[in-house]
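Results of the structural survey
Here's the letter readout for the chains.
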Amino acid sequence: GGGSNREHLYTDTEMFSVQDVAGIQSGELASVLRLCIDVCEKHITSCLVCSGRGFICEICKDKRPVYPYNLDSTSQCGDCFTVFHSTCAKTLVQCPRCERISSRELNSLITETKLRRELRETD
């Protein structure tokens, strides 16, 4: 019972034991997975390193971190993987981080082009 001898549920999310499969019908697997999720969430929120891996929603700027595993309340950019509150993400036209990255790339290209022109003019 419990999470004993079921380390594979934490380390390999695509591997299930015969015991796990048998527990689907009885509901035991759902209970064990709920326990695993609770243990992981408690660790993430109390561990300085793991809690620091959360994202600050760039739209509302709420200081409480959002995590991609909160599937019911978060959305994630498919390009840069930044995480937002789902309600905030509904207002997005473009991801702010992707916008910054594009802007930097464009500014870099403009600077490079100007330098090339200046070099040609001095030749």
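Let us look at the structure shown here. Here the structure is a predicted model, which is why all the values come from computation and not from measurement. (Residues numbered from 1 in each chain as written. Predicted model: local features only at pLDDT ≥ 70, side-chain atom pairs only at ≥ 80, totals over all residues. Heavy atoms only, no water.)

Thoughts on the pattern of salt bridges
As enumerated under the stated definition, the model contains six salt bridges in all. Note that Asp 62 is salt-bridged to Arg 64, the shortest N-O span being 2.6 Å. Overall, the relative accessible area of 23% leaves Asp 62 in the partly exposed class. Within this structure, Arg 6, Asp 20 and Glu 28 form a network of salt bridges that share partners. (Salt bridge = Lys/Arg side-chain N within 4 Å of Asp/Glu carboxyl O. Buried < 20%, exposed > 50% of the residue type's maximum accessible area, 1.4 Å probe, protein only.)

Regarding the nonpolar core
Counting residues in each nonpolar core, the largest one holds eight residues, listed as Cys 57, Cys 77, Cys 80, Phe 84, Cys 88, Ala 89, Cys 95 and Cys 98. Setting aside residues up to four positions removed in sequence, Cys 98 forms contacts with Cys 77, Asp 79 and Cys 80. (Core = buried A, V, L, I, M, F, W, Y, C linked by side-chain atoms within 4.5 Å. Contact = heavy atoms within 4.5 Å.)

Re the side chain of Thr 74
Mapped onto the elements of the fold, Thr 74 is located in strand β1 (residues 74-76). Among the polar contacts made by the side chain of Thr 74, one reaches the main-chain carbonyl oxygen of Asn 70 at a distance of 2.7 Å. Once residues lying within four places of it in the same chain are set aside, the contact partners of Thr 74 are Val 66, Tyr 67, Pro 68, Val 83, Phe 84, His 85 and Ser 86. (Helix = DSSP H or I, 4+ residues; strand = E, 2+ residues; numbered from the N terminus. Polar contact = N/O pair within 3.5 Å; in protein donor to acceptor, adjacent residues only side chain to side chain.)

Quick notes on a nonpolar patch on the surface
Together, Tyr 10, Leu 35 and Val 39 line one region of the surface with nonpolar side chains, adding up to about 250 Å² of accessible area. Looking at the secondary structure, you find Tyr 10 in helix α1 (residues 8-11). (Patch = residues over 30% accessible without salt bridge, like charges linked within 9 Å, V, L, I, M, F, W, Y side chains within 5 Å. Areas by Shrake-Rupley, 256 points an atom, 1.4 Å probe, with all protein chains shown as cover.)

Considerations on the environment of His 85
For His 85, the position within the fold is in strand β2 (residues 83-85). Spatially, the C-alpha atoms of His 85 and Ile 59 are 8.4 Å apart, while their sequence positions differ by 26 residues. In contact with His 85, other than residues within four places in its own chain, are Cys 57, Cys 60, Asp 62, Val 66, Ser 73, Thr 74 and Ser 75.

Details of the packing of aromatic side chains
Tallied over the full model, the rule gives one aromatic pair. Relative to Tyr 69, the ring of Tyr 67 has its centre 5.5 Å away and its plane inclined at 20°; by these criteria the two rings are stacked. (Phe/Tyr/Trp six-rings, centres within 6.5 Å; stacked < 30°, edge-to-face > 60°.)

Remarks on helix α3 (residues 28-46)
The terminal C-alpha atoms of α3 lie 27 Å apart, and with 19 residues this matches the ideal 27 Å at 1.5 Å per residue to within 8%. Listed as buried for α3 are Leu 29, Val 32, Cys 36 and Ile 44. Looking down the long axis of α3, one finds its buried residues gathered within 105° of arc, a one-sided arrangement. Pointing more than 90 degrees away from the buried face of α3 are the exposed residues Ala 30, Lys 42, Thr 45 and Ser 46. Contact partners of the buried residues in α3: α1, α2 (18-26) and α4 (48-51). (Expected span 1.5 Å × (residues − 1). Arc of directions from axis to C-beta.)

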